[in-house]
Amino acid sequence: MIPASFEYHRARTIDEALELLAKYGEDAKILAGGQSLLPMMKLRLASPGHLVDISEVAQLKELREADGLIRIGAAATETALLHSALLRGKCPLIGEAAAQIGDPQIRNRGTLGGNLAHGDPGNDHPSVMIALGASVIARGPAGERRLPMDGFYRGLYDTQLEPLELLTEIQVPTPPARSGAAYLKLKRKIGDFATAASAVQLSLGEGDTCARIGIALTNVAPMPLRLSGAEALLAGKRITAELIEQAAQIATGACDAADDFHGPSEYRAQMAGEMTRRALAGALERARRD
Amino acid sequence: MDAASAAETLNKDHLMGIGNARKRKEDPRFIQGKGRYIDDIKLPDMLFAKMVRSPHGHARIKSINTQKALGLPGVHAVLTANDLKPLKLHWMPTLAGDVQAVLADEKVCFMGQEVAMVVADDRYIAADAADLVEVEYEELPVIVDPHKALLPDAPVIREDLAGKSEGAHGKRTHHNHIFTWEVGDREAADRVFGQAAVTVKETMTYQRVHPSPLETCGCVASFDKVKGELTVYLTSQAPHVVRTVVAMLSGIPESSVHVISPDIGGGFGNKVGVYPGYVVAIVASIVLGRPVKWVEERIENLSTTAFARDYHMTGELAADRNGRIKALRVHVLADHGAFDACADPSKWPAGFFSICTGSYDIPAAYARVDGIYTNKAPGGVAYRCSFRVTEASYVIERMVDVLAQKLDLDKAEVRLRNFIRPEQFPYRSSLGWEYDSGNYPAALQKVLTAVDYSGLRREQAEKRARGELMGIGLSTFTEVVGAGPRKTCDILGIAMFDSCEIRIHPTGAAIARFGTKSQGQAHETTYAQILATEIGIPSDVIQIEEGDTDTAPYGLGTYGSRSTPTGGAAAALAGRKIREKARKIAAHLLEVSAEDLEWQGDRFQVKGVPDQAKTMKEIAWAAYNNLPEGMEPGLEAVEYYDPPNLTFPFGAYLCVVDIDRHTGEPKVRRFYALDDCGTRINPMVIEGQIHGGLAEAFAVAMGQELVYDDSGTLQGASFMDYFVPTAVETPYWETDYTVTPSPHHPIGAKGVAESPHVGGVSAFSNAVIDAFAHLGVTHLSMPYTPWRLWQKIHDLGLDKRSG
Ligand SMILES: Cc1cc2nc3c(=O)[nH]c(=O)nc-3n(C[C@H](O)[C@H](O)[C@H](O)COP(=O)(O)OP(=O)(O)OC[C@H]3O[C@@H](n4cnc5c(N)ncnc54)[C@H](O)[C@@H]3O)c2cc1C
């Protein structure tokens, strides 16, 4: 478990990181928490010649709310997300998912930006961000772009980010009052990726009807799955047990999971349904209490 | 306070001897990161070795090109089979009487097999160089299923054995067949089966798993060319035998071979054998004249060094209508992988599998085990159990449940009807063991009462009526641990005794050394406690050493729960020898005859005269300055203990599991473990060992499995995939005990640390299967991952939602 040799660079500012990236081009990789990149390097599945470490860039670690948006620096760690009073109060779904990622050591280093940029369908934040309707800010040689998370993934380990682009910030619309959310993740043990997981973020309006809903699945397809069909089914209606059941069926039907040690694809699809069932019921109950 | 309780207080509180739950003496160093493991050993000029391994399950090696690797700056050598051939070290003997390729000789027989070793200045260069070794393979057909291995046209795995119809254990019947081992009276068993009122039969696989100690295997070999001396630091549970084998293979006098096992981060059977990595590192050190370190990576540990189990078993019971068992038949296909490198006593190719009659009085029994080669890693070690005892216990504990289901009898009741009764001990089993002691009904009854068994069964009935899945699993197991005796048990001809040497210093402190080797069992604590009670000096001032073959007395090491039965017995008897000499010195000091003295736990006292006494501390001092005429100075003793029999610890475990019908997740709600290991040396240490063994049993039952695909590729050989539960997943354990001393052991103790694994696996398994028993399910294969259970639930239609 020893990586091929590489050169290490520590960036102090966003600009410095971008300069280093531009200088070394395709031979460079951004190093954030290293919790996905380093294992791949140790298995020699990746062998970049240069690492540009952004984990100490202060600007990338900020976490604040402005203009109805929760703005999270890309290098904020899972632990920082977990301990954020802002998130706990206004957007608990992010912390709920973060708590189910890896173990404390992984969470102390792993970052939100790295989790999103990596493009691993097993990662938990992508579906959470899709359910929240979040966008990310990417900065590169051509300037800054805003990319909605829905549509950010193109396939396995493949995103809209260009090679010389840095993901700088994640922007989440602050959920309104009477919102509820849940992240239900089935896994075998601490530190395990999901067999299947479902993220639900919903808001209630007049007469307890569903004013807004986002539903997305983790690890049951080559990329996170937004369940637009199920969202359309529930939007504007009072959510009943029957509707939840139908949404769960939609989740199962949407899956394109591989067979692996978590189980065969059929099981994982069924579990995506079960997690969605539970996440919907949980989110609804929380929204009613909110 | 009466005399008895005064003695008890002295022993337990002052001496911290047998029965005291004192803290472990080794923990201050472990919890402060001051343990010294293999990878902590750094010698001047040390080089690092890295194995080049086969990416194929079965292939011919067409060529190996080492030029590029050798060209990398910092690389000192790349060794292949051709380099070992002149030394006749390209093959080595295994503990099981087979041979194993040290570095692949013309072909590879399993994925991960050792092909070449690179030696370089540091780990980083070694890793780069290993990537540069070019090996050209021609792939051959692969067999990973032992059933298929025996088909007439199955590929030949071991071409080196061509024409050999006799193996180390008798006739071979097929080119992939290793041995047939039979025990019991087949005809008698068959007769009973022919006439029995009821028979049951079940096929079950005990999946291939890995002991997966946290510390992987490794060594540092250092050959001193000037002195001609070889020092090997090694993660070995049996360092003395390794030294003997190294001396025999290398031709270096055994006195010039120094094998040292430092602190070991868990062994569980994985560190009994001798691995190719050790051998090549030693050769590299001899060739290069510099120390060479080789340490496995996690993936290498899981995929190449000793696995456990892989037993494909068929169990059968014959009984009368009341559930009284009349006969047992078992057949096993034992998948040993590409080389037979099982670590069993040499004459026991299936270990102590013949303990498969368990805790039950079964008049007729017959067992047969066929060892098979496949294109999988070699091994077959006793993972946290005595040799093949977990497998044996599993088959009988499962079969008793199957019988109960067939007869619609309660699973506890069937056990109570069949137990060997307390008055039958010592009990001779139909497969030849003499069980030393036991009280099985008392143990089970205590558990049933503690958990309100009938209440649990009522609850289960209610839940079943509601369509919920709740299972209650019982395991009333018996182990056989503590090999020797010498007459029946040896390793490569060396009798399985064990030893203790003790020396009391003038101030009354002591050092004692043993031939065993702790890997977490707390020998530094428990051996000191035995000696404290026997000699009458506090366990705190008794230093225990093991693992250095230059200083420790010869012994066969630690595995199969043998340390307390053998080393612990040696400690007690060595202590008694010290006491005998001390008595003579005390008599001299008190000017009375030795017969006039009585032992008071820490002193000799003139009978009936309490103020006329000499403490052990005073006697120790006198041993160095004031001795009777003609007595040699000093206070030392040596004991080499050949056990008259093995010990038979037992227990009664009960597990309650709830299974989520919609995810298949099993949740262990309750686990009650009652163990009887005879005399209890340190209750806290026992509890710790029980917790650890149960956690490993949980891991095996619920998730561990080494899965090979049809191309011979091992799926998931890292801790991302291979299931090692954390404290979060591991259930809460309730522990309990009874005490039935071993009649033949000097302090009445039996082994204990493996019982929880042996008993635990079948308790979990029985609980999960019991959850489905009302639906006619008699067996489900481990491991009980959520998807497997869900599959069963789904097939049975239990996951339907009402409405
Ligand atoms: C044992 C283990 C278990 C785990 N379990 C889970 C789990 O259950 N769920 C889960 O979601 N994750 C899990 N992870 C992954 C973990 O969350 C990682 O932290 C995460 O996937 C990557 O974040 P990182 O900051 O460590 O990124 P790094 O590993 O440093 O980088 C990952 C990739 O993203 C790129 N990158 C990083 N930051 C940026 C950026 N700002 N802009 C552009 N590109 C960037 C890197 O160049 C690299 O290609 C686990 C990891 C381990 C080791």
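The shown structure was predicted, so the numbers you read here are calculated from the model rather than taken from an experiment.

1. Let's talk about the overall build of chain A
- When helices and strands are tallied, chain A shows 11 helices and 14 strands.
- Its C-alpha atoms give chain A a radius of gyration of 19 Å, near enough to 19 Å, the size a compact globule of 290 residues would have.
- Along the longest, intermediate and shortest principal axes, the C-alpha atoms of chain A span 55 × 45 × 35 Å.
- Looking at chain A residue by residue over its 290 residues, the buried ones come to 55%.
- Taking as baseline every contact in chain A between residues at least 6 positions apart, the subset at least 24 positions apart corresponds to 63%.
- Accessible surface computed for chain A: about 11,800 Å², of which carbon and sulfur atoms make up 51%.
- Looking at charge distribution, chain A has the averaged site of its 32 positive side-chain charges lying 4 Å from that of its 35 negative ones.

2. Section: the domain arrangement of chain A
All names here are of chain A.
- In terms of domain boundaries, chain A breaks down into domain 1 (7-53), domain 2 (64-173) and domain 3 (182-285).
- On a C-alpha basis, the centroid separation for the pair domain 2 and domain 3 is 20 Å.
- On the domain 3 side, the residues contacting the 24 residues of domain 2 number 23 residues.
- Carbon and sulfur atoms supply 59% of the area that domain 2 and domain 3 bury against each other, a total of about 1,900 Å² over both sides.
- Of all residues in domain 2, the largest losses of buried area upon contact with domain 3 belong to Q100, P121 and A131, amounting jointly to 28% of the total for that side.
- Counting across the domain 2 and domain 3 interface gives 2 salt bridges.

3. Remarks on the domain arrangement of chain B
All names here are of chain B.
- Each assigned domain of chain B is listed with its residue range as follows: domain 1 (3-35 + 498-641), domain 2 (38-140 + 216-264 + 271-304) and domain 3 (307-483 + 645-795).
- Here the C-alpha centroids of domain 2 and domain 3 sit 37 Å apart.
- The interface of domain 2 with domain 3 comprises 20 residues on the first partner and 24 residues on the second.
- Between domain 2 and domain 3, a total of about 1,700 Å² is buried, with carbon and sulfur atoms accounting for 65% of that surface.
- The tally of links from domain 2 across to domain 3 stands at 0 salt bridges.
- Linking domain 2 with domain 3 are 5 residue pairs in polar contact (both at pLDDT 80 or more), by the criterion used here.
- Taken together, the elements giving at least two residues each to the side of domain 2 that touches domain 3 come down to β5 (99-101) and α10 (298-304).
- Residues of the side of domain 2 that touches domain 3, tallied by class, amount to 11 nonpolar, 7 polar and 2 charged.

4. Describing the pattern of salt bridges
- Applying the stated rule across the entire model yields 83 salt bridges over all chains.
- Of the charged contacts, one joins E96 of chain A and R286 of chain A as a salt bridge, the two residues approaching to 2.8 Å between their closest N and O atoms. Here R286 of chain A lies in helix α11 (residues 265-289) and E96 of chain A lies in helix α5 (residues 92-98), a separation of 190 residues in the sequence.
- Under the relative-accessibility criterion, R286 of chain A is labelled partly exposed at 35%.
- Between E254 of chain B and R243 of chain B there is a salt bridge, and its shortest N-O distance comes to 3.2 Å. Residue E254 of chain B is located in the loop between α8 (239-250) and β15 (257-260), and its partner R243 of chain B is located in helix α8; the two are separated by 11 residues in the primary sequence.
- Owing to a relative accessible area of 29%, E254 of chain B belongs among the partly exposed residues under this scheme.
- Connected through salt bridges with shared partners, the residues E245, E274, R277 and R278 of chain A together with D660 and R801 of chain B form a single ionic network.

5. Thoughts on the sheet that holds strand β1 (residues 47-53) of chain B
All names here are of chain B.
- Strand order in this open sheet of 7 strands is β3-β7-β1-β16-β13-β14-β15, and the pairing throughout is mixed. What marks the edges here is a single partner per strand, and that holds for β3 (75-79) and β15. Taken over all neighbouring pairs, the strand axes of this sheet differ in orientation by 20° on average, direction set aside.
- Sheet analysis places β1 next to strand β16 (residues 292-295), joined by 2 bridges and oriented parallel. When the sheet's bridge partners are listed, L47 is paired in β16 with V292.
- The strands touched by helix α5 (residues 123-132) are β1, β3, β7 (114-120) and β16; relative to β1, the strand with the most contacts, the crossing angle is about 25°.
- Running over the sheet, helix α9 (residues 276-288) touches β1, β3, β7, β13 (218-224), β14 (229-234) and β16 and is turned about 25° from β13.

6. Comments concerning the interface of chain A and chain B
- On the chain B side, the residues contacting the 26 residues of chain A number 24 residues.
- Taken over both partners, the interface formed by chain A and chain B buries close to 2,100 Å², and the fraction arising from carbon and sulfur atoms is 58%.
- Considering only the surface of chain A that becomes buried against chain B, I2, R188 and K189 of chain A emerge as the three largest contributors, covering 28% of it.
- One can count 4 salt bridges joining chain A with chain B.
- Two residues, D660 of chain B and R278 of chain A, come together in a salt bridge whose shortest N-O distance is 3.1 Å.

7. Description of the packing of aromatic side chains
- This structure, assessed with the given rule, holds 32 aromatic pairs over all chains.
- Note on Y267 of chain A and W790 of chain B: the rings are 5.3 Å apart at their centroids and 50° apart in plane angle, and the pair reads as tilted. Note that Y267 of chain A is positioned in helix α11 and W790 of chain B in helix α20 (residues 786-795), a pairing that runs across two chains.
- Accessibility expressed as a relative area gives 1% for W790 of chain B, which makes it buried.
- Considering the side-chain rings of Y278 of chain B and W294 of chain B, the 5.9 Å spacing of their centres and the 75° angle between planes classify their relative orientation as edge-to-face. With Y278 of chain B in helix α9 and W294 of chain B in strand β16, the pair connects residues that are 16 residues apart, well separated along the chain. Side by side, Y278 of chain B and W294 of chain B carry an identical accessibility label, which is buried.
- By way of ring pairs, the aromatic residues W348, F352, F387, Y427, W433, Y435, Y559 and F648 of chain B are connected into one cluster.
- The cationic tip of K446 of chain B hangs over the ring face of Y737 of chain B; the distance from NZ or CZ to the ring centre is 5.8 Å.
- Looking at R680 of chain B, its charged tip hangs above the ring of Y737 of chain B, at a distance of 3.6 Å from the centre.

8. A look at the packing of helix α12 (residues 411-418) of chain B against helix α13 (residues 440-451) of chain B
All names here are of chain B.
- It is the contact of α12 with α13, at a shortest axis distance of 10 Å, that shows an interaxial angle of 160°. If you check the angle between α12 and α13, you find them roughly antiparallel. Taken as a pair, α12 and α13 cross one another with a handedness that is left-handed. Each of A412, R415 and L416 in α12 lies in contact with α13, whose residues at this interface are P441, L444, Q445 and L448.

Rules of the game
- Residues numbered from 1 in each chain as written.
- Chains lettered and ligands numbered in written order.
- Predicted model: local features only at pLDDT ≥ 70, side-chain atom pairs only at ≥ 80, totals over all residues.
- Heavy atoms only, no water.
- Helix = DSSP H or I, 4+ residues; strand = E, 2+ residues; numbered from the N terminus.
- Rg over C-alpha atoms; globule rule 2.2 N^0.38 Å.
- Buried < 20%, exposed > 50% of the residue type's maximum accessible area, 1.4 Å probe, protein only.
- Contact = heavy atoms within 4.5 Å.
- Areas by Shrake-Rupley, 256 points an atom, 1.4 Å probe, with all protein chains shown as cover.
- Lys, Arg positive; Asp, Glu negative; His and termini not counted.
- Charge placed at Lys NZ, Arg CZ, Asp CG, Glu CD.
- Domains from an automatic or database assignment.
- Buried area = accessible area lost by both parts, 1.4 Å probe.
- Salt bridge = Lys/Arg side-chain N within 4 Å of Asp/Glu carboxyl O.
- Polar contact = N/O pair within 3.5 Å; in protein donor to acceptor, adjacent residues only side chain to side chain.
- Nonpolar A, V, L, I, M, F, W, Y, C, P; charged D, E, K, R; others polar.
- Pairing = 2+ DSSP bridges.
- Axes fitted to C-alpha atoms, helices over the stretch in contact; angles between N-to-C directions.
- Phe/Tyr/Trp six-rings, centres within 6.5 Å; stacked < 30°, edge-to-face > 60°.
- Lys NZ or Arg CZ within 6 Å of the ring centre and 35° of its normal.
- Parallel < 35°, antiparallel > 145°, perpendicular 65-115°, else oblique.
- Left-handed = near helix turned anticlockwise from the far one by under 90°.

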